[in-house]
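So you can see what is in the structure, the chains are spelled out below.
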Amino acid sequence: MKSLRNEINTVRNSLMNYAILCLLIITLPATVFSTLHLISDGYLPDYGISILETLFILSLYIFRNKIGNRFKAHVITISFIVGGLAGNLFFGSVGDQFLAVIGIALITLFYGKKPGIIYFFIVFSGFIILQIMFSEHIVERNLNYNEYFNDIRNWIISIITLIVTAIILIFSISFFYHFLINLVKDLEKKNNELDILNTAYKDVMAKLETSEKKYKGIFKTLKEGMILTDEEGNIIDCNQATEDILGIPKETILTINLHSKNFNLVYPDLSPIPNEECPGVKTLVNGSPIYNFEVGMQNGDNIKWLILNSATLKAEGYGVFLTLNDISEIKKLEKEQIIFNHYFETFLEHITDYVCFKDREGEIVFCSQSLARITGHCYWKDLIGKNYDDIFPLDVAKNFKGEDDIVYQTGQKLLGSVNTFYDNNSELRYEQTNKIPLFDDNKNVVGIISISRDITEILREKELIKEKEEKINLLLNSTYEGIYGVDLEGRCTFINKSGVNMLGYSNQEEVLGQNIHDLIHHTDSNGVKIAMSECKINRAFHLRKGMHSDQEIFWKKDNMSFDVEYFSFPQIHKDEVVGCVVTFIDITQRKESDKKIQLFTQELQKLNSDKDKFIKILAHDLKAPFHSILGLSEFIIKNIEDIDAETVKEYTQEIYSSSEKTYSLLEEVLFWLKVQTGKLTPLNTEVEIKSIVMHVIDLLQPTAQQKNIQLECLIPNGIYVYFDINILRTILRNLISNSIKFTPEGGKIEVEHQQIENHIQIIVKDNGQGMSEDKKNKLFTSQINASYQGTQQEMGSGVGLTIVKELLDVQNQEIWVETEEGKGSKFIFSVGEIAKND
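Residues numbered from 1 in each chain as written. Predicted model: local features only at pLDDT ≥ 70, side-chain atom pairs only at ≥ 80, totals over all residues. Heavy atoms only, no water.

**Describing the overall build of the protein chain**
Inference 1: When helices and strands are counted, the protein chain shows 24 helices and 23 strands.
Inference 2: Summed over its atoms, the accessible surface of the protein chain is roughly 49,800 Å², and 56% of this surface lies on carbon and sulfur atoms. (Helix = DSSP H or I, 4+ residues; strand = E, 2+ residues; numbered from the N terminus. Areas by Shrake-Rupley, 256 points an atom, 1.4 Å probe, with all protein chains shown as cover.)

Here you go:
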């Protein structure tokens, strides 16, 4: 329909243009004659107004394509009507009325009968008004009809007007007729085409049904997530890939509205994406498709990266179509690639060797900054795309290309090739080159990696080194100490005669070139392998300073070791470590002397330690009994006249008892000193546990009574073990004394036992202040610990529990503690198997 409407408009526009031309032709004769009249007579005739009409119509024709068709049609119609009325006004000619009729016919033809009827009444009214004006002599014609018709010009104008009018009517109607005929033919053709389209439509619908089934199958199996929404943004369908990507079951997805759901999406720079900027929502709002929109979907601390595409579905009931591609792995690979590229560029910019990667055409793909410098370029990327001819002299380039051709042809590495070249200062240089082929999947050589090293200075110094070596060897072979050199690879570069002899080799050739660490320093004196990275000799390389040791061994050729003292010093050449020099001597005899001195020193230190412990023990264990003796003696002396004999006897008995206990303590201390000096041999006999416990409780009862502490033995009578009675007494006395010290006034201390299978354990339990984990870990150590104050600021020596541990070690028994700060402690020690239970 639109095409047909365009055709009608085209025909209508053509008819209008023809009508303008006809108007121009009609007015042209009158214009010509008026002009001639003006030239000959000096004034215009009555019909001279035609000049203005001609100019107007000419302007209309010139601007015909710049004005609208409807406006143009009305202008043409009005021009014909004005022409007709003017002709009637000036000449009263009936023929001029045809112009008005043509105008009405044209507007009717262009836009139907309604405008035609309007213009008909306008023309009819115009002619009636003119006729009335003529009848009433309001308008006078100054024209003699006879003269008018006798004038050949008027006849020509009338004939032309008639002819043109006829042509316009005939041509217009004929043109329109043919247009209608062609239009009918086109409609018939279009009808046939519609029949064909209808048949095709049925076929398409059948294929569409088949395609729909295929689509659903593809929709479900695609790895790309797909989402369909309705016009309101509600999700109406999705595939399995969408569930996997979003981590949400389909049932939950189908309850989501894109406008209200926040998927916690972020831009690549991790800034949050407003919901209204999300692709699906934006496409729903403005209808514009969005492609390749990269977003991150936050899920806790993790981000899943997606590529989103959205487009509108131009079908009733559908909104947008969304696709989701999980690119998390791609992003990860991109990040790794960026890091790799950074490392690789750093490598190329800082490596001193000349590294070059070339493709099959010989063009440089990338190279090291060092190669750019020696070829006179500022940056290695300036060499990309160039070949040897672009950066080297022709003879050097030809030699390099010849080596490349060999690698391309054979597919083998080219190693150790030495070439000459001129650097950017035109100085002759030597380089050693390794060329390695690069293969594709089909094992075809597609490129070459070339790694070269400038060896100019090495070659120059080679001769100097040779001369120096001879002098150095002469000096080295004259020394007593063994001396050898090591390169950066750990190989022996030289060794003097003294070193060869000490290591048990026949000549220097047996050692030179060998890994000296593996040869003479591979294992320590305990048989543990020494790694090169832990070897002090090799650490001289890395620390760039001398290393010394006299606590290690070297191994001889016959696998015998000897004590050695060595010094290892790095060899630094032009601020570069190139190796190290080691001097060594055999100190086996010195070590033996040192061992004797060390043993003597250890014995002396132990004797001093035993002396200190003895003094502390005396201060720790004898202080309380002496206080009792001194206090009672002082009381008797000061009050001897006021106290009776019975009281004196009682106090004297207490003094005797304390003296007896003090003597017993001295015996136990001397007994322990025997342990310390290794002179104690335990005398194990059958010991009844309860009697020993009660003896110790009686001994410590006065001290406990001062703090109103209850001492109680819960061990039954008749349990015997094989144990040294004096050791057991000392252990119990120290443990119970310790509990009294750290138990508050009014507390309770219990001694009990437990039997596990056939073994007896004694437990000293109190409800005192307990101890922290840190204090617990410091118990039972061989060193003297700082003494802690008791509940009444009592002080001790700090050796009591150490004595207990050492005495139990003599008996091959164990002790441990269970404690909780603020709730008391339980000291548990084993006393061996039960001997008798009577």
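**Quick word on the environment of Gly 746**
Inference 1: By the secondary structure assignment, Gly 746 is in the loop between α22 (725-741) and β20 (748-756).
Inference 2: With residues near it in sequence (within four places) discarded, Gly 746 still touches Lys 707, Asn 708 and Ile 709. (Contact = heavy atoms within 4.5 Å.)

**Observations regarding the sheet that holds strand β11 (residues 445-454)**
Inference 1: The strand order across the open sheet built from 5 strands is β8-β7-β11-β10-β9, with neighbouring strands paired in antiparallel fashion. With one partner strand each, in any of the chains shown, β8 (364-367) and β9 (414-422) form the two edges of the open sheet. Neighbour to neighbour, the strand axes of the sheet diverge by 25° on average, direction disregarded.
Inference 2: Looking at chain direction, β9 and strand β10 (residues 428-439) are connected through 7 bridges and run antiparallel. Paired with Phe 421 across the bridge in β10 is Arg 429.
Inference 3: Packed on one face of the sheet, helix α15 (residues 456-476) meets β10 and β11 and runs near 130° to β10. (Pairing = 2+ DSSP bridges. Axes fitted to C-alpha atoms, helices over the stretch in contact; angles between N-to-C directions.)

**Some points on the pattern of salt bridges**
Inference 1: For the coordinates displayed, the defined rule picks out 24 salt bridges.
Inference 2: Asp 353 is the partner of Arg 453 in a salt bridge, and the nearest nitrogen-oxygen pair spans 2.9 Å. Here Arg 453, found in strand β11, pairs with Asp 353, found in the loop between α11 (328-350) and β7 (354-359); they are 100 residues apart in sequence, far enough to count as distant. (Salt bridge = Lys/Arg side-chain N within 4 Å of Asp/Glu carboxyl O.)

**With respect to unusual backbone geometry**
Inference 1: Even without a glycine there, the phi angle at Lys 443 is positive, about 65°.
Inference 2: For Lys 443, the location among the structural elements is in the loop between β10 and β11.
Inference 3: The phi dihedral of Asn 559 falls on the positive side, at around 70°, and the residue is not glycine.
Inference 4: Exposure remark for Asn 559: the relative accessible area of 58% places this residue in the exposed category. (Buried < 20%, exposed > 50% of the residue type's maximum accessible area, 1.4 Å probe, protein only.)

**Points about the pairing of strand β16 (residues 576-586)**
Inference 1: Here strand β12 (residues 482-487) runs beside β16; their pairing, made up of 6 bridges, is antiparallel. Across the sheet, the residue bridging to Tyr 484 is Val 582, located in β16.
Inference 2: Examined bridge by bridge, strand β15 (residues 561-573) and β16 share 10 bridges and lie antiparallel to one another. From the neighbouring strand, His 573 faces β16, where its bridge partner is Glu 576.
Inference 3: The loop that links β15 with its antiparallel partner β16 comprises 2 residues; one of these, Lys 574, has a positive phi angle of about 55°.

**Points about the sheet that holds β16**
The strands making up a sheet associate through hydrogen bonds between their backbones, and the pairing can be parallel or antiparallel.
Inference 1: Read across the sheet, 5 strands follow the order β13-β12-β16-β15-β14 without closing on themselves; strand pairing throughout is antiparallel. Looking along the sheet, the strands with just one partner apiece sit at the ends: β13 (492-495) and β14 (547-555). Here the average twist between neighbouring strands, direction ignored, is 30°.
Inference 2: Relative to β14, helix α18 (residues 536-543) is tilted by about 140°, and along the sheet it contacts β12, β14, β15 and β16.

**A few points about the environment of Phe 494**
Inference 1: Within the secondary structure layout, Phe 494 lies in strand β13.
Inference 2: A residue is classified by how much of its surface remains accessible, and Phe 494, at 18% relative accessible area, is buried.
Inference 3: With 15 residues separating them in the primary sequence, Phe 494 and Glu 509 have C-alpha atoms 9.2 Å apart.
Inference 4: Look past the residues within four positions of Phe 494 in its chain and what remains in contact with it is Leu 476, Ile 483, Tyr 484, Gly 485, Leu 512 and Val 581.

**Comments concerning α22**
Because each turn of an α-helix spans 3.6 residues, side chains separated by three or four positions in sequence point in the same direction.
Inference 1: For α22, with 17 residues, the first-to-last C-alpha span of 24 Å sits near the 24 Å given by 1.5 Å per residue.
Inference 2: Taking burial as the measure, the 17 residues of α22 include 13 buried ones, the bulk of the element.
Inference 3: By the N-cap criterion, in which a side-chain oxygen at the helix start approaches the backbone nitrogen of a residue two or three places on, α22 is capped by Asp 724, the distance to Asn 726 being 3.0 Å. (Expected span 1.5 Å × (residues − 1). Polar contact = N/O pair within 3.5 Å; in protein donor to acceptor, adjacent residues only side chain to side chain.)

**Some words on the confidence of the model for the protein chain**
Inference 1: Within the protein chain, residue pLDDT values average 79, and 82% of them lie at 70 or more.
Inference 2: Here residues 144-150 scores under 50 on pLDDT; set against residues more than four positions off or in separate chains, the count is 9 contacts. (pLDDT = per-residue confidence, 0-100.)

**Describing the packing of aromatic side chains**
Inference 1: Per the stated rule, a full pass over the model turns up 15 aromatic pairs.
Inference 2: Ring centres of Phe 344 and Phe 347 lie 6.1 Å apart, and the angle between their planes is 25°; this geometry places the pair in the stacked category. Residue Phe 344 and its partner Phe 347 are both found in helix α11; the two are separated by 3 residues, about one turn of the helix.
Inference 3: Ring centres of Tyr 484 and Phe 584 lie 6.0 Å apart, and the angle between their planes is 55°; on these two criteria the pair is classed as tilted. Here the residue Tyr 484 occupies a position in strand β12, and Phe 584 occupies one in strand β16, the gap between them amounting to 100 residues. Neither residue differs from the other here; Tyr 484 and Phe 584 are each classed as buried.
Inference 4: Taken together, the aromatic side chains of Phe 340, Phe 344, Phe 347, Phe 357 and Phe 366 make up a single cluster linked through ring pairs.
Inference 5: Sitting over the face of the ring of Trp 305, Lys 331 holds its NZ or CZ atom 4.7 Å from the ring centroid. (Phe/Tyr/Trp six-rings, centres within 6.5 Å; stacked < 30°, edge-to-face > 60°. Lys NZ or Arg CZ within 6 Å of the ring centre and 35° of its normal.)

**Comments concerning the packing of helix α21 (residues 689-706) against α22**
Inference 1: Between α21 and α22, whose axes approach to 9 Å, the crossing angle comes to 35°. Handedness of the crossing formed by α21 with α22: right-handed. Along its contact with α21, which presents Ile 692, Val 693, His 695, Val 696, Ile 697, Leu 699, Leu 700, Thr 703 and Ala 704, the element α22 presents Ile 725, Leu 728, Arg 729, Leu 732, Arg 733, Ile 736, Ser 737 and Ile 740.
Inference 2: Classifying every residue of the contact of α21 with α22 by side-chain character gives 12 nonpolar, 3 polar and 2 charged. (Left-handed = near helix turned anticlockwise from the far one by under 90°. Nonpolar A, V, L, I, M, F, W, Y, C, P; charged D, E, K, R; others polar.)

**Re the side chain of His 517**
Inference 1: Relative to the elements of secondary structure, His 517 occurs in helix α17 (residues 516-520).
Inference 2: What makes His 517 buried here is its relative accessible area of 4%.
Inference 3: In contact with His 517, not counting residues within four places along its chain, are Gly 490, His 522, Ile 530, Ala 531, Met 532, Cys 535 and Asn 538.

**Considering the environment of Glu 224**
Inference 1: Position of Glu 224 among the secondary structure elements: in the loop between α7 (152-221) and β1 (225-229).
Inference 2: Sequence-distant contacts of Glu 224, defined by excluding residues within four places in its chain, comprise Asn 239, Ala 241, Thr 323, Leu 324 and Asn 325.
Inference 3: Of note is the side chain of Glu 224, whose polar atom sits 2.9 Å from the side chain of Asn 325.

**Remarks on α18**
Inference 1: If you check which residues of α18 are buried, you get Ile 537, Asn 538, Ala 540 and Phe 541. Summarising the axial view, the buried residues of α18 lie within an arc of 135°, below the 170-degree limit, and thus occupy one face.
Inference 2: Turning to α18, the residues buried within the fold contact β12, α17, β14, β15 and β16. (Arc of directions from axis to C-beta.)

**Focus: the side chain of Gln 369**
Inference 1: Among the secondary structure elements, Gln 369 is positioned in helix α12 (residues 369-374).
Inference 2: On the accessibility criterion, Gln 369 (10% relative accessible area) is buried.
Inference 3: Here Cys 378 takes part through its backbone oxygen, which lies 2.8 Å from a polar atom of the side chain of Gln 369.
Inference 4: Look past the residues within four positions of Gln 369 in its chain and what remains in contact with it is Leu 348, Glu 349, Cys 378, Tyr 379 and Trp 380.

**Concerning the pairing of strand β2 (residues 235-238)**
Inference 1: As defined by bridge partners, β1 adjoins β2 across 3 bridges and the pair is classed as antiparallel. Each residue of the ladder has a partner; that of Thr 229, found in β2, is Ile 235.
Inference 2: Between β1 and the antiparallel strand that follows it, β2, lie 5 residues; Gly 233 among them carries a positive phi value of about 95°.

**Let's talk about a nonpolar patch on the surface**
Inference 1: A cluster of nonpolar side chains, Ile 117, Phe 120, Phe 121, Phe 124, Ile 128 and Ile 132, forms an exposed patch at the surface whose accessible area comes to about 580 Å².
Inference 2: Note that Ile 132 resides in helix α5 (residues 113-135).
Inference 3: When its relative accessible area of 47% is taken as the criterion, Ile 132 is described as partly exposed. (Patch = residues over 30% accessible without salt bridge, like charges linked within 9 Å, V, L, I, M, F, W, Y side chains within 5 Å.)

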